Each structure stands twice: as C-alpha cells, then as structure tokens.
Amino acid sequence: MEKIVSLCKRRGFIFQSSEIYGGLNGLWDYGPLGVELKRNLKNYWWRVLVHERDDVVGMDGSILTPPAVLEASGHVKGFSDPMVDCRSCKARLRSDQLVEKRGVKQCPVCGGRDLTEARPFNLMFKTRVGPVDPRWSGGAMFPVSAAGATGPAGPVSSQAEFRDTRTLTAGTTIIHDSASVLGAEDETAIAYLRPETAQSIFVQFKNILEVSRKKLPFGIAQIGKAFRNEINPRNFTFRSREFEQMELEYFCRAEDGMKWLEYWKDERIRFYENIGIARDKLHVLTVPDEARAFYSKGTYDIEYDFPFGRQELEGVAYRTDYDLLQHQKASGKSLEYFDEETKQRFIPHVVEPSAGVDRTVLALICEAYSEDEAPDEKGKMETRVVLRLHPRVAPIKCAVFPLLKNKQPLVAKAKEIVDLLRPHMFVFYDESGAIGRRYRRQDEIGTPFGVTVDFETLGEKDPALRETVTLRERDSMKQERVAIKDLPSILISRIR
Ligand code: GAP
C-alpha cells in the first residue's frame, strides 16, 4: 500500500486535504490525474446505467438535507456505529476494530485493556442553515434584501428582518423579526449533510415518475457526495468522511424484487470486470439475515481484494417498500404508483446497487499497479512501474512525442496530431527528455497509448512511411506503424 500511496501523491492522483495546514483525518483531494480517473469512472457508470438503458433516468439532489427526511428514513435515530474509548491512550475506536487476544479485547493503538463500554455514535454531520444568532455563533447576521436574498450587508439590528430557515421544511418563506427567531433558534435551523445519496431519490420519486412517465420496473440514478463522521477513517481513501456514491434505486413490483436483486448483482460484477478489475479479485458476500437491515429481504456485498484485505466495494440491497412507505407516512404525500392496466395503486419495491466512487478509484489503482522489467536507453534492464489501467478509465488516453524537440518539422507534426486527437480524448504532449524516459513517465500514470513522430513520419527514409507514426501500447510495449489519418478511429475504438 505504501508504494501506491506514494505514487498517488508523487504523480498527482490523491493528496491529503489541507495538507499545508496539517490536514484533517479522513478527507482527501484529487489532483490533476486523480480527477480524470474519477471522472472517467463516473462517466462510464452513468453511460451504462443511464444512457445505454431505456429504464433508468438520472437526478442530482441537494446535499443539505432537512431533518424530516432523515428522521423518516431512520438515520437520525439509527445511523450509528458502536464506539469505544481507550482510557489509556484516549483513542476513539469502532468496537469492531478492537483486537482480541486470548479472549480479551484490546486497543489496537496501545494494546490497553481499559476500554469503555460500546455506545452508539451517530455518523451524520449536523449543520445550521440560514443566519444564526451571533450570540452563540460568534458570527454576524445578514438581512434579507428586497429580492429576498441574504447578503453581507453587515450585522443587523434586533428589529431587522431575516429569513427563517423553516423554508426548508415547510416550503414557504416566513419572515420574522429577529427577536422572535432568536428565541426560536434552534431545531428549525438544523440540516444534515446527507449520509447517502439515496434519500433524495426516494423523496423525489413522485416528481420523477410524473415527468419521466416511466412504467415499472424503472430506476433513478444519482452520483454525488455523501458525508459520514466516521469514528476511525483509515486505509487511505477507503473509509473517508467525505466521499462520493453512485447509487441506483430500481423500482419494481413486490413479486419481482428477488429477481432484480440477482440481476443487479450480476450486472454490477460485469461492470467491475469492464473497468479492468480481475474477476478472481471480486467476491460476492451474501449478507446473513442477522447482519442485514431489518427491512431488507436480501443483500449482497461486492468485495475486492485490497492490499489491506478483502473489503466492500458496493452493496446491492433489496430494500422492499420500506423507504417509500416511510416517506409517505412522514410527509403525508402519496408516493404510490398507479398501474394503468390493473387500475391498482401500490408502493413499489426497490433494489439498490450502491457503489463508492472513491473506493472504486482506489481498487482501480491497486489493481493496476505493477512493476516489471524493461530496457533503459542503453539496453540495460530496469524496474518499470506501470499502472495497467483499463483504457476507458485511464486519465490520459494518448501521449504524443516528437522524437527530438529541436527538430522543428517533428515538433510541428506532433502538435498537429495533438490537435487531431484532442476533440476525441484527453491527450498529453511531451517533448522533454529521452524518448524512453518519456514512455516511462506515461507508463507510471497509466497512459495506454503513445504516439511518436520520427523521421519516417516526414518521409525522410522511406516515402511510403510519410504521414505514419509509431503507436506504442503501454502493457506489451509493442509498437505498430499506423497512418496519422487512422489514429482517431483506432484510438477511439480502443478507449471506449
Ligand atoms: N444507500 C445505501 C448505502 O449508502 P452503504 O453500504 O452504507 O449503503 C454504499 O454505502 C457504498 O458507499 C459502500 O459500499 C462504499 O463503497 C461507499 N462508502 C460508504 N461509506 C464510505 C466511507 N466512509 N468512505 C468511502 N466510501 C464509503
């Protein structure tokens, strides 16, 4: 894992968040290459789950979530992990992270045995929406402008008006004088950072059903940030406090729930294979009855053999009609589906494949990392670090090199090729250093193809080779000679 973490930092995939200030545990920033890898993964997920299907539509919900939603879903009461404190070293631990030696639980940090009882720790981040009372926030309040927007117009007097955050739950704007809100400040201002993207899909179910005019079975897909105040973030980005999810809620009839659960488990395995994860490193765990959410009739965890052990990449859960029923009850709004053929109204059941973007990015990097032997400039064998990323997720698809940087015709032709490819893919131009070094730099960041412009390209050695280049493949290091005009179609077919 150390080599992978070091490569991620050295080459600009992943950095510790706010590193120059010492960082904050469990938060990560993606650098220039990491953001491309992540984006390619999300785009491919969206392509196969939304664009290539007739039965799925997308949405993008807000992150700030009113308590009512998360009370109905059960998160306010029950979204917690059991937490234990070590009295010796003061470490805060998830109780499943304790180590057990000869039947006695110990702190994994200091080995101490003086541990508190486990108690539930709610994982949601709570925040406040709207202007807050400066007496407890230390901040300033801002008045509502004529247009209704709040702005930094300076601290307001106790008589000034400002927007009551009850707009969030009630859907209407209530204007109070600040004195009344100061008194009420408070529960109405609370919002949570969503702990999963799923709930906004359930809450928007009726609107999306109406506008999309879909018939069962159909799905709603979403990719977005989720936040969990993990007790012990660890294993690089694997368990973070801020992460992204790719979630599909696939609505169906009750009698078809188990069938769709199997279908989506198989589809999701195929997805991981299609982004380059070896089938023998993927495992399907049937979550046992006692470990499943009480409302789920069946759950699979798709796991991957990370260097730090076999761990969950994605959950595929048959959640029955629990979520829609809960929101229907709590909101008082009907979330029923009307079947035009049978004239029946009912709450659909749902199967949910829920994947982590960051975990999948980490799995892709772990899977791709390899070292092999390759000859250097003088033909001496040296260790080559290669990221064998699948071309469809690789950050840079093709690097273009003029053989020599001080030969103007080579440089001009290489830049022409960059312009030819750029509308179709992310291309990188590099003219500095020996050609072998340039190949190595691209191998290390997973660029699957390299195009070299040489004297043959200019027709100097053999006129038949004019307007041709060498196309090098990263993994095999094999080179083929191809016509420049064919490059876009050849590369597009290999990176899709
Ligand atoms: N809506 C269902 C749901 O959220 P989950 O198993 O809690 O289910 C789904 O989360 C996926 O989200 C996980 O399989 C994992 O890939 C990702 N995930 C969950 N917590 C995470 C964390 N703290 N850091 C990174 N990814 C996380």
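A brief report on the enclosed structure follows. (Residues numbered from 1 in each chain as written. Predicted model: local features only at pLDDT ≥ 70, side-chain atom pairs only at ≥ 80, totals over all residues. Heavy atoms only, no water.)

Section: the pairing of strand β22 (residues 369-375)
Bridge analysis of β22 against strand β23 (residues 381-387) gives seven bridges, and the strand direction is antiparallel. Note on β23: the bridge partner recorded for Ser370 is Val386. The antiparallel pairing of β22 with β23 creates a hairpin that spans five residues between the two strands, and Gly379 there sits at a positive phi of about 85°. (Pairing = 2+ DSSP bridges. Helix = DSSP H or I, 4+ residues; strand = E, 2+ residues; numbered from the N terminus.)

Overview of unusual backbone geometry
Cis geometry marks the peptide bond from Leu216 to Pro217; its omega dihedral reads -5°. Within the secondary structure, Pro217 is located in the loop between α9 (205-212) and β14 (218-227). The phi dihedral of Arg102 is positive, around 45°, even though this residue is not glycine. When you line up the elements, Arg102 lands in the loop between β7 (99-101) and β8 (104-106). The class for Arg102 is exposed, based on a relative accessible area of 79%. (Buried < 20%, exposed > 50% of the residue type's maximum accessible area, 1.4 Å probe, protein only.)

Some points on the layout of surface pockets
By volume, the largest pocket amounts to about 1500 Å³. Taken together, 44 residues make up the lining of the largest pocket; nearest its centre are Phe79, Glu196, Arg228, Asp301 and Glu312. Secondary-structure elements contributing two or more residues to the lining of the largest pocket are α4 (75-78), β5 (80-85), β15 (242-252), β17 (298-306), β18 (309-320), β21 (349-356) and α12 (357-368). In terms of residue count, β18 provides more of the lining of the largest pocket than any other element does, seven residues in total. The residue makeup of the lining of the largest pocket, split by class, is 13 nonpolar, 14 polar and 17 charged. (1 Å grid on protein atoms, 1.4 Å probe; cavity = no way out; pocket = protein on both sides within 12 Å on 5 of 7 lines; lining within 4 Å. Points joined across faces, edges and corners; volume = space filled by probe spheres on them. Nonpolar A, V, L, I, M, F, W, Y, C, P; charged D, E, K, R; others polar.)

A few points about the environment of Ala221
Here Ala221 lies in strand β14. Relative accessible area serves as the criterion here: at 0%, Ala221 is assigned to the buried category. Along the primary structure Ala221 and Val56 are separated by 165 residues, whereas in three dimensions their C-alpha atoms are 6.8 Å apart. Residues contacting Ala221, with those up to four places away along its chain left out, are Trp45, Trp46, Val50, Val56, Val57, Gly58, Met59, Ile201, Glu247 and Leu248. (Contact = heavy atoms within 4.5 Å.)

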